[in-house]
Amino acid sequence: MSRIRLLPETVASQVAAGEVVERPASVLKELIENSIDAGARKIDVLIRRGGIALVRVVDDGCGMDRDDALLSLERHATSKIRSAADLQAVATLGFRGEALPSIASVSRFRLTTRESGAVAGTEIVINGGKIDVVRDGGEAPGTQVEVRSLFYNVPARRKFLRAENTESRNIEHQIHLQAIGHPQVAFCLLRDDRMLFQLPSAATLGDRIRDLFGIELLERLVEIDSTSSRNIRIDGYIGQAGLSRQTRTQQLVFVNGRAIESGMLTGAIREGYHTALMKGQYPVTFLFLQIDPASVDVNVHPAKREVRFRDPSAVREAIVHSIQQTLERGRAGWQEKFHAPSISPTAIPTEVSPNLKLRPEIAAPQESYRELPHLGTTVVGVADPGRTRFPEIAGQAPRLAGPRVDSASDAFAVPRDAKKASQQQFQILGVLNKLYVLMENADGLVLVDQHAAHERILFEELRRRMEEQGVPTQKLLLPQTFDVPPRDADWIERNLSILQKMGIGIEPFGPGTFKIDSLPGFLDVSDPSQFMRKVIDDLKSAGHSTSSMRLGEEMIAKTVCRHAIKANDPLRYPEIDKLIRDLLECDLPYCCPHGRPTMIQISLAELEKKFGRKV
Ligand code: ADP
Ligand code: MG
């Protein structure tokens, strides 16, 4: 007796539904995508009990006539592609002809649809895949789909649904994705008869982000200067350095209008942010990639969440480049606020001195440096002593490691002509809790974390040196040998030249053994072989795709923290002034090399709002 049988159509649909319809949010995704493909300008969504009891999507799209409406519920029936060749360049969101029959096979399903200009519309009711009713219906032009009691006939799937709240959140996330992906479409979401949001059709992506997430978020984003290279165009907004989230929910990437999840894209974004992102945090991105449809395969995942690129490394490069550029451009915005005179008419203090000094171990060997002149208790010059009181001056100069050594002629005692010294204008007000420098600029109040600021300055300085002449090294008194397991040995051998560029003098010394005879001058290491083991561990975990420069940067980022001035290190006024000026000269001044913010700007407008002066 033959054992193989063709599955009945309804069972086959349920099997397919297993892939396409995972939860209420996936139903919603398919329905909204159909509406958008149908040219809808307005989409209204209603959900009950997390979408488990009901998901209803109403659109004002092109609608269907009766024949098409019936056909749309057959498996593999689609209006979007006609031949295998069309698969090469899919321009619509749907194309598999699977969603409607799949959904209808695992729910109580009702479709009403009418083409504009048609006398009558059509209503079709299907329960668990079986057509119960087909009749004329008289709704407004467009299509309305109701999906009730999801998985009522598939208990095994129903068990996997989460709590209603969780499903609701998934639904909200899904509709956020769609709303961001299609700003021109108006969206409305009702949950259990409560209006969650109503988004008007937006002229631009920026307007949509503002309507959905608020102006505060929009103000912390930087718009990408859209660039196209090698058939890839990238637009959108990304969070400025220092802005991050604990989850990935606002890290959105769209490829040809489709929200995509991909490890490669996530990796590229991380790489683009690099030191501008805190460890373990996620960036905020609204990234839109436009790629020739023939260069992307969307037919990889039944729910179309993933895509395959023909040239993934070109996509990766384009993303990294565009994020880096955008972040650096974001810096100009910050600097602008320091270019106008600060708000108070008070003059800029005269006793301003470029006094932060390199520690001997940080200075390049050929550079000369002076010991910090002892300021004793010299009064710190503040033009309006009545208004601004600088904190007590410590008797002992802290050992500051400042990167830029000014020439001897630029002695600290020479009153600095503010204009000549720098374009940056700000006024230091004081230091809070021996850590936060308070100052004002044209925009209002600025708080600077002195430790984080100094880390950023040191980091960029050391990186610059590494790029230019290599890190200055310091010979060890006694060269050391150390053994490593075979895999590490292999790793070291492959990365010898990078390690040397980073200032680590290391060479093979027999099988599995290496000799170190010098280390970067800025390090303060008591046990070189233990240090090397740690560096290897750290750098190995930093990822295989990282460039040589990047490995060096990781090491610097890890070490600068120990050398930067600490919270509690009391600084003198000139030192703070120098610190801030150096910070503003950095490529990425607004976050430390670990992605924590260095500066927080509180605008006057914000203050006025807080004090109820302005609504
Ligand atoms: P696909 O979207 O992959 O083509 P679906 O099963 O989702 O497959 O939909 C089948 C067909 O039904 C679509 O190709 C489209 O022609 C039609 N259709 C579905 N939803 C709508 C809608 N909201 N408005 C107009 N036509 C629709
Ligand atoms: Mg579809």
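An account of the accompanying structure is given in this report. Treat the numbers as computed from the prediction; the structure is a model and nothing was measured. In every chain, residue numbers begin from 1 and rise along the written sequence. Chains carry letters and ligands carry numbers; both start at the beginning, A for chains and 1 for ligands, and go up in the order they are written. pLDDT decides what is reported in this predicted model: residues at 70 or higher carry local features, side-chain atom pairs at 80 or more are listed and counted, and totals for whole chains, interfaces and linings draw on all residues regardless. Where side-chain values are given, they derive from all heavy atoms of the structure, hydrogens and water being excluded.

1. A look at unusual backbone geometry
Then, number 1: A positive phi angle is found at serine 149, which is not glycine, with a value near 45 degrees.
Then, number 2: Numbering goes from the N terminus for both helices and strands, where a helix is a DSSP run of H or I of at least four residues and a strand is a run of E of at least two. Positionally, serine 149 belongs in the loop between β6 (142-148) and α5 (155-158).
Then, number 3: A residue is classified by how much of its surface remains accessible, and serine 149, at 23% relative accessible area, is partly exposed.
Then, number 4: Even without glycine at this site, aspartate 192 takes up a positive phi of about 45 degrees.
Then, number 5: As for its placement among the helices and strands, aspartate 192 is situated in the loop between β7 (186-191) and β8 (194-199). Whether a residue is buried, partly exposed or exposed follows from its accessible area with a 1.4 Å probe, protein chains only, as a fraction of its type maximum: under 20%, in between, or over 50%, in that order.

2. With respect to the pairing of strand β12 (residues 251-255)
Then, number 1: For β12, the tally of buried residues reaches 5 of 5 residues, placing the bulk of the element in the interior.
Then, number 2: Of the two faces of β12, the one carrying Gln251, Val253 and Val255 and the one carrying Leu252 and Phe254 are both buried.
Then, number 3: Strand pairing requires that DSSP identify at least two bridges connecting the strands. Once β12 ends, the chain turns through 2 residues before running back antiparallel as strand β13 (residues 258-259), passing asparagine 256 with a positive phi of about 50 degrees.

3. Observations concerning the site of ligand 1
Then, number 1: Throughout, the term near means that a residue has one or more heavy atoms lying within 4 Å of the molecule or strand in question. Ligand 1 sits among 19 residues. The nearest are Asn34, Thr78, Ser79, Lys80 and Gly97.
Then, number 2: Residue asparagine 34 places a side-chain N or O atom 2.8 Å away from an oxygen atom belonging to ligand 1.
Then, number 3: Between N or O atoms, a polar contact is any pair within 3.5 Å; within protein, one atom must be a potential hydrogen donor and the other a potential acceptor, and residues adjacent in sequence are included only when both atoms are from side chains. Between ligand 1 and leucine 100, the relevant distance is 3.0 Å, taken from an oxygen atom to a main-chain nitrogen or oxygen of the residue.
Then, number 4: Computed with a 1.4 Å probe, the accessible areas rest on the Shrake-Rupley method; for each residue, only the protein chains presented here act as cover. Isolated, ligand 1 exposes 530 Å² of accessible area, and the fraction of that covered by the protein chains is 93%.
Then, number 5: Of all the elements, helix α4 (residues 99-105) adds the most residues to the shell around ligand 1, at 3 residues.

4. A short note on the packing of aromatic side chains
Then, number 1: Pairing of aromatic rings covers Phe, Tyr and Trp, the last through its six-membered ring, and needs centres within 6.5 Å; plane angles under 30 degrees mean stacked, over 60 mean edge-to-face, and all others mean tilted. Using the criterion set out here, one finds 3 aromatic pairs in the structure.
Then, number 2: Their ring planes at 10 degrees and their centres at 4.6 Å tell us that phenylalanine 254 and phenylalanine 288 sit as a pair that is stacked. Taken together, the residues phenylalanine 254 in strand β12 and phenylalanine 288 in strand β14 (residues 285-291) connect sequence positions 34 residues apart.
Then, number 3: A centroid spacing of 6.4 Å and a plane angle of 40 degrees characterise the contact between phenylalanine 482 and phenylalanine 514, whose relative ring orientation is tilted. Of this pair, phenylalanine 482 sits in strand β20 (residues 473-483) while phenylalanine 514 sits in strand β22 (residues 513-520), placing them 32 residues apart in sequence. When sorted by exposure, phenylalanine 482 lands in the same class as phenylalanine 514, which is buried.
Then, number 4: One cation-aromatic arrangement involves arginine 108 over tyrosine 152; the distance from NZ or CZ to the ring centre is 3.9 Å.
Then, number 5: Two limits define a charge over a ring: the Lys NZ or Arg CZ must be within 6 Å of the ring centre, and within 35 degrees of the ring normal. In this structure, arginine 270 is placed above the aromatic ring of tyrosine 282, and the distance from its NZ or CZ to the ring centre is 5.7 Å.

5. Here we look at the environment of glutamine 530
Then, number 1: Along the chain, the position of glutamine 530 falls in helix α15 (residues 528-541).
Then, number 2: Look at glutamine 530 and you get exposed, because its relative accessible area is 51%.
Then, number 3: Taking C-alpha positions, glutamine 530 is 8.8 Å from phenylalanine 482, a pair spaced 48 residues apart along the chain.

6. Notes on the packing of helix α6 (residues 164-181) against helix α7 (residues 205-213)
Then, number 1: Where α6 contacts α7, the axes come no closer than 9 Å and their chain directions differ by 155 degrees. Classified by the angle between their axes, α6 and α7 sit roughly antiparallel to one another. Across the interface between the two elements, His176, Ala179 and Ile180 from α6 touch Leu205, Arg208, Ile209, Leu212 and Phe213 from α7.
Then, number 2: Classification convention: Asp, Glu, Lys, Arg as charged; Ala, Val, Leu, Ile, Met, Phe, Trp, Tyr, Cys, Pro as nonpolar; all other residues, Gly among them, as polar. Among the residues forming the contact of α6 with α7, the class breakdown is 6 nonpolar, 1 polar and 1 charged. Orientation is described by axes fitted as lines to C-alpha atoms, over the contacting stretch for helices, and by angles from 0 to 180 degrees between their N-to-C directions. Every angle not falling under 35 degrees, over 145, or within 65 to 115 is termed oblique; those three ranges are roughly parallel, roughly antiparallel and roughly perpendicular. Whether two residues are in contact is decided by their heavy atoms: any pair within 4.5 Å suffices.

7. A short note on the pattern of salt bridges
Then, number 1: Any carboxyl oxygen of Asp or Glu that lies within 4 Å of a side-chain nitrogen of Lys or Arg is treated as forming a salt bridge with it. Enumeration according to the criterion identifies 29 salt bridges in this entry.
Then, number 2: In this structure, the salt-bridge partner of arginine 210 is aspartate 207, at a minimum N-O distance of 3.5 Å. Placement of both arginine 210 and aspartate 207 in helix α7 is noted, with a separation of 3 residues, approximately one turn of the helix.
Then, number 3: Through salt bridges that share partners, Arg110, Glu123, Arg135, Glu146 and Arg148 make up one connected network.

8. Topic: the sheet that holds β22
Then, number 1: Spatially, β20-β22-β21 is the arrangement adopted by the 3 strands of the open sheet, whose pairing is antiparallel. Edge positions in the open sheet fall to β20 and β21 (505-508), since each of these has one partner strand only. In this sheet, neighbouring strand axes are inclined to one another by 15 degrees on average, regardless of whether the strands run parallel or antiparallel.
Then, number 2: By the bridge criterion, 4 bridges tie β21 to β22 in an arrangement that is antiparallel. Looking across to β22, one finds that proline 508 is bridged to phenylalanine 514.
Then, number 3: Along the sheet, helix α13 (residues 486-494) contacts β20, β21 and β22; its crossing angle with β22, the most-contacted strand, is approximately 50 degrees.

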